[in-house]
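# Examining the three-dimensional arrangement
Chain residues, written in single-letter form:
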Amino acid sequence: MISANLPALQVIIPLLAAPLAFLLRKPRLVWPFALLATILTVLTSIGLLQQVLDEGVISYAMGGWSPPWGIEYRVDAANAYVALIVSAMGAIVMFYAGTSIRHELPEHKQTLFHVAYLLCLAGLLGITVTGDAFNVFVFLEVSSLSTYIMVSLGANRRALTATFQYLIMGTLGATFILIGVGLMYVMTGTLNMVDLAQRLPEVADSRTIYSAFAFVTVGVCLKLALFPLHGWLPNAYAYAPSVATAFVASTATKVAIYVLLRFVLTIFGVTFSFNTMPLGYILMVLAVIAILIPSTVAIYQSNVKRLFAYSSVGQVGYIILGISFGTVLGVSAGLLHIFNHALTKGALFLALGCLYYRTGSVHLDAFRGLGKTMPWTMAAIVVGGLGLVGVPLTAGFISKWYLVMAALEQGYWPLAAVALAGSLLAAIYLWKLVELAYFQQPDSDAAQIREAPLSLLVPTLLVTASTIYFGINTDLTVGVATVAAETLIGGVR
Amino acid sequence: MSTILGLYNYWIVVLLMMTGFYIVIAHGNLIKKVIGLNIFQTSVIIMYISMGKVRDGAPPILTEGVTLFSNPLPHVLMLTAIVVGVATTALALSLVVRINEAYGSIEEEDIHTQEKSS
Amino acid sequence: MVNLIDIVLMGLLLITAFAVVRMRDLFAIVMLFSIYSLVSASFFVNLDAVDVALTEAAVGAGISTVLMLGTLAMTRRYEERRPRHAPLLPLFIVAVTGAALIYGTLDMPHFADPQAPIHQHVAPRYIEQSGTEIGIPNIVASILASYRGFDTLGETAVVFTAGLGVLTLLGRFGRREELSDGRSMYHDMILRVIGKALVPLMLLFALYVQFHGELGPGGGFQAGVVAAAAFILYSIVFGWDRAQKIISPFVLNIMMASGVTLYALVGVGGMLLGGEFLNYNVLGSYPAGGQHLGIFLVELGVGITVAAVMLSIYFDFAARVAVRKMEAR
């Protein structure tokens, strides 16, 4: 019975856990309960991915009503893969959150944070596993609203303005998606993704569908922070509590990218998106700018969380660049980088959280002499940074490699050069940190700092180690990414 | 001409949407932004409901003797959209209250200036 | 005739929207927004969307307006006059977006065309079969609670999240200091008398809307909002500290979470009895009976959560006003 209902359980477990956690009230009870929920969620994702790889696409009819009259949950290699990333990071960061949140938030807010976290997890998974276009909107709002709550709990008052800006831009994006889905609905009469994919080709040559495509893409690009729609990201990441940044940075934009792929490749289809509409070229141009400019801005940041936030905008550029080629190799490179960047950025923000726990600051000055006072934390940051640069043996290298190969396959030599230029920029901001940490002495009061506690350090090092593990053993990630890319590009049978 | 008659409903809705959108991005007062966002969202709801109307149809409640109904599916979708809208508004307004307490102002420019100097 | 009403209502909407752009008095703007919402609700009735009209009136002209007024009470009334440099970039963005939308409407089926694609596919089954498959007259309720019931679960989760969010930002979760707000309208006899008369009627109406929602317009959301409005009215007239003695924030918190949990558990029940999540057919001895039970429970869950969240949000705003007054003394 459980295995037959895995797709539903994937979302139900965190969704039901949230109000139950709320009823428990006391943080001492809430955190273990939430942790249990996230662990069950990961186990479900693993089971789901296994099922998809063994049996092929899974179709689950919510409420027993077959699509397109009911809502369908449709799981293939692409979304099972993304769901696994989301739930795995969800569990690891939740373990870390036990200590981190106790330290950063007043007691009466801790329960509220954990409940919001579970809702966010449920929302993100709901977006990933669904096969209904309107259902995407509903769960997008669940995840967005709960993210706003988490970000707003940051200590600095700027967390409030960052959340407000995020809210405005996020709601505009979601409303654009709603408009786009409405336009698609009015021409086809259906909301089910597979049904849409089958009915759109007849009406694809209408101005309404062109317009629908534009609105959906712009709306989703706002959510994934593609340049120039990335304005909400740096401040939201910088001023949110450490746990919120670590979780959101490794999941929210990745799920948005998945939504883009689902709409552009599965629903509209490769031919329409890349041949009829100039999506490939537009994405390519924006991706190149995203790789170069935000990475440069990152170099000048003195708030290290903000630095890595701008770095995230750049890394999204890499993923979009891969997707803009519209080929199996390009899309797999993009999917690979989704996985690898989730791990790398997750590790980095977890490490920054360790730093914040001990020093109360994420300013560059706090890095002085960190190599001595907090060796493990700094080591995690260095390894993460190397992953951003794309040094061999890190996961980041694998995705960059595939990206360059995809570019060369199309004959786009200059783009390969752009990818390498981005690595160079990342190396510069990494060097800034390394120089401060290892080649300078800590300040007198900073010299007292000890290493971070194990409850924070272990998850951080676990995720960091995995960035190296998946840099060496690529069978799982490359294998699944390629199957997923083929499924997406192949369209709906 | 028949195109205009058949579509003017939608064009007016687009005008309403753009008014709301304009208020959100052009005005600096935070409360006005929230109201603009609401107008934008409500207009999208009007658009969907307009799509569902059937000439000479009845409200979609099964009744004796009625055979032609307006389409119930957009209605269901928009019920959800209304609820999502009020949820967003409630959160946005709470943020405005807190921002006002923290910065003493709800004008975007004032807040920017304060943030740059601190 | 329908067209004439159509044009008049749209004209009102346009005038209201433009006025909001131009005005600087935020209090007037909030009132205009309330009018916008109410006119939209009338417009929806004209377009046969009766459930949507009920919800929009209750939520837009009711709850949203109350919250905006509450925010105004804690901030300031007037938008500040800024030096007028032409907002070229916003105008440009809006123009481009508007043009793209109008371009998109050009190939759309004409307004109210019965032959439009959306009336040929998917919707006919709801209209033709819901009477037998589910057995309730309100087709919108059938779709909302059963066919697309999972969307509604998500929507209830959104409501819960909103309640959680306002509680986080403004509320006093876990803190039990006594606050009292001397401000109430108790001294005004007219308000007191009318308030006392209206509150029980509103609660009765809420119950009616909740349980009659299968047969006519109505359902969990509308009922929850009206019930909350009844308590908000009581709270405004008699003081929110007295209202909180009747329903305390603690009880509201439990109700908020219970509604969503009930909804999800009905779904789990379906799974345990061998069907899919939220399959109601298996809940009863015959499918339509199961549907009735499922829809009843699910709408109840929605009503409980919505009522609790709306009232909780109001209390959070009211508490914040009181806190500020205390600190000002």
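### A short note on the overall build of chain B
- For chain B, the count of helices and strands is four helices and zero strands.
- Counting helices and strands in the order they occur from the N terminus, chain B gives α-α-α-α.
- In terms of overall size, chain B is more extended than a compact globule, its C-alpha atoms giving a radius of gyration of 20 Å where 118 residues would be expected to give roughly 13 Å.
- Sorting the 118 residues of chain B into buried and exposed places 66% on the buried side.
- Considering only intrachain contacts with a sequence separation of at least 6, the fraction spanning at least 24 residues in chain B is 44%.

### Let's talk about the overall build of chain A
- For chain A, the helix and strand inventory stands at 20 helices and two strands.
- Relative to its length of 493 residues, chain A is compact, with a C-alpha radius of gyration of 21 Å against a globular reference of 23 Å.
- Based on the C-alpha atoms only, the size of chain A along its principal axes is roughly 70 × 55 × 40 Å.
- Intrachain contacts of chain A at a sequence separation of at least 6 include 80% that bridge at least 24 residues.

### Some points on the packing of helix α6 (residues 158-188) of chain A against helix α7 (residues 193-203) of chain A
All names here are of chain A.
- For the pair α6 and α7, the least separation of the axes is 10 Å and the interaxial angle reads 75°. The orientation of α6 relative to α7 falls into the category roughly perpendicular. Contacts between α6 and α7 involve M184, M187 and T188 on the former and, on the latter, L196, R199, L200 and V203.
- For the contact of α6 with α7, the class distribution of residues is five nonpolar, one polar and one charged.

### Brief notes about the interface of chain A and chain C
- On the chain C side, the residues contacting the 51 residues of chain A number 48 residues.
- Within the residue set of the side of chain A that touches chain C, elements represented by two or more residues are α1 (6-24), β1 (58-61), α4 (107-129), α5 (133-152), α6 and α8 (207-223) of chain A.
- Looking at the side of chain A that touches chain C, the element that brings in the most residues is α5 of chain A, giving 11 residues.
- Broken down by class, the residue content of the side of chain A that touches chain C amounts to 33 nonpolar, 15 polar and three charged.

### Re the domain arrangement of chain A
All names here are of chain A.
- You can read the domains of chain A as domain 1 (1-275) and domain 2 (278-493).
- Once you take the C-alpha centre of each, domain 1 and domain 2 turn out to be 22 Å apart.
- Each partner contributes to the interface: domain 1 provides 45 residues, whereas domain 2 provides 46 residues.
- Of all the elements in the fold, those that place two or more residues in the side of domain 1 that touches domain 2 are α3 (77-104), α7, α9 (233-239), α10 (242-267) and α11 (270-276).
- Top contributing element to the side of domain 1 that touches domain 2 by residue count: α10, with 14 residues.
- Taken together, the residues of the side of domain 1 that touches domain 2 break down into 28 nonpolar, 15 polar and two charged.

### Quick look at the pairing of strand β2 (residues 72-75) of chain A
Residue and element names in this part refer to chain A.
- Both faces of β2 are covered, namely the face carrying E72 and R74 and the face carrying Y73 and V75.
- Of the strand pairs in this sheet, β1 and β2 are connected by four bridges, and their pairing is antiparallel. Looking across to β2, one finds that I58 is bridged to V75.

### With respect to the environment of T487 of chain A
Residue and element names in this part refer to chain A.
- Assignment of secondary structure puts T487 in helix α20 (residues 475-490).
- Separated by 463 residues in sequence, T487 and L24 place their C-alpha atoms 43 Å apart.
- Those residues in contact with T487, other than ones at most four positions away along the chain, are D76, A77 and A78.

### Quick look at the interface of chain B and chain C
- Taken residue by residue, the interface counts 67 residues in chain B and 79 residues in chain C.
- Sort the elements by how many residues they give to the side of chain B that touches chain C and helix α3 (residues 72-103) of chain B lands first, with 22 residues.
- Of the residues that constitute the side of chain B that touches chain C, the class distribution is 44 nonpolar, 18 polar and five charged.

### A closer look at unusual backbone geometry
- Residues P67 of chain A and P68 of chain A are joined by a peptide bond in cis, for which omega reads 0°.
- With respect to the helices and strands, P68 of chain A occurs in the loop between β1 and β2.
- Within the chain, V122 of chain C stands out as a residue other than glycine whose phi angle is a positive 75°.
- With 22 C-beta atoms packed within 10 Å, V122 of chain C lands in the buried category.

### Structural notes on helix α14 (residues 328-359) of chain A
Residue and element names in this part refer to chain A.
- Taking 1.5 Å of rise per residue, the 32 residues of α14 would be expected to cover 46 Å, and the 46 Å separating its terminal C-alpha atoms lies within 8% of that figure.
- Of all 32 residues that make up α14, 28 are buried, and the element is covered over most of its length.
- In the stretch just after α14, G360 is the one whose phi turns positive, near 75°.

### With respect to the packing of α4 of chain A against helix α8 (residues 149-170) of chain C
- Direction vectors running N to C along α4 of chain A and α8 of chain C enclose 150°, while the axes themselves pass 11 Å from each other. Our classification of the angle between α4 of chain A and α8 of chain C gives roughly antiparallel. Where α4 of chain A crosses over α8 of chain C, the handedness of that crossing is left-handed. Residue-level contacts link K109, L112, V115, A116, L119 and G126 of chain A of α4 of chain A to G154, A157, T161, L164, L167 and T168 of chain C of α8 of chain C.

### Some details on helix α17 (residues 395-409) of chain A
Residues and elements named next belong to chain A.
- Its 15 residues give α17 an end-to-end C-alpha distance of 21 Å, which sits within 8% of 21 Å, the value for a rise of 1.5 Å per residue.
- Most of α17 is tucked away, with 11 of its 15 residues classed as buried.
- Within α17 the residues assigned to the buried category are A395, G396, F397, I398, S399, K400, Y402, L403, V404, A406 and A407.
- Buried residues along α17 sit in contact with α13 (304-324), α14, α16 (375-389), α18 (413-439) and α19 (454-472).
- Just downstream of α17 lies G411, where phi reads positive at about 85°.

Basis of the calculations
- Residues numbered from 1 in each chain as written.
- Chains lettered and ligands numbered in written order.
- Predicted model: local features only at pLDDT ≥ 70, side-chain atom pairs only at ≥ 80, totals over all residues.
- Helix = DSSP H or I, 4+ residues; strand = E, 2+ residues; numbered from the N terminus.
- Rg over C-alpha atoms; globule rule 2.2 N^0.38 Å.
- Buried ≥ 20, exposed ≤ 12 C-beta atoms within 10 Å, placed from the backbone.
- Contact = placed C-beta atoms within 7 Å.
- Axes fitted to C-alpha atoms, helices over the stretch in contact; angles between N-to-C directions.
- Parallel < 35°, antiparallel > 145°, perpendicular 65-115°, else oblique.
- Nonpolar A, V, L, I, M, F, W, Y, C, P; charged D, E, K, R; others polar.
- Domains from an automatic or database assignment.
- Pairing = 2+ DSSP bridges.
- Expected span 1.5 Å × (residues − 1).
- Left-handed = near helix turned anticlockwise from the far one by under 90°.

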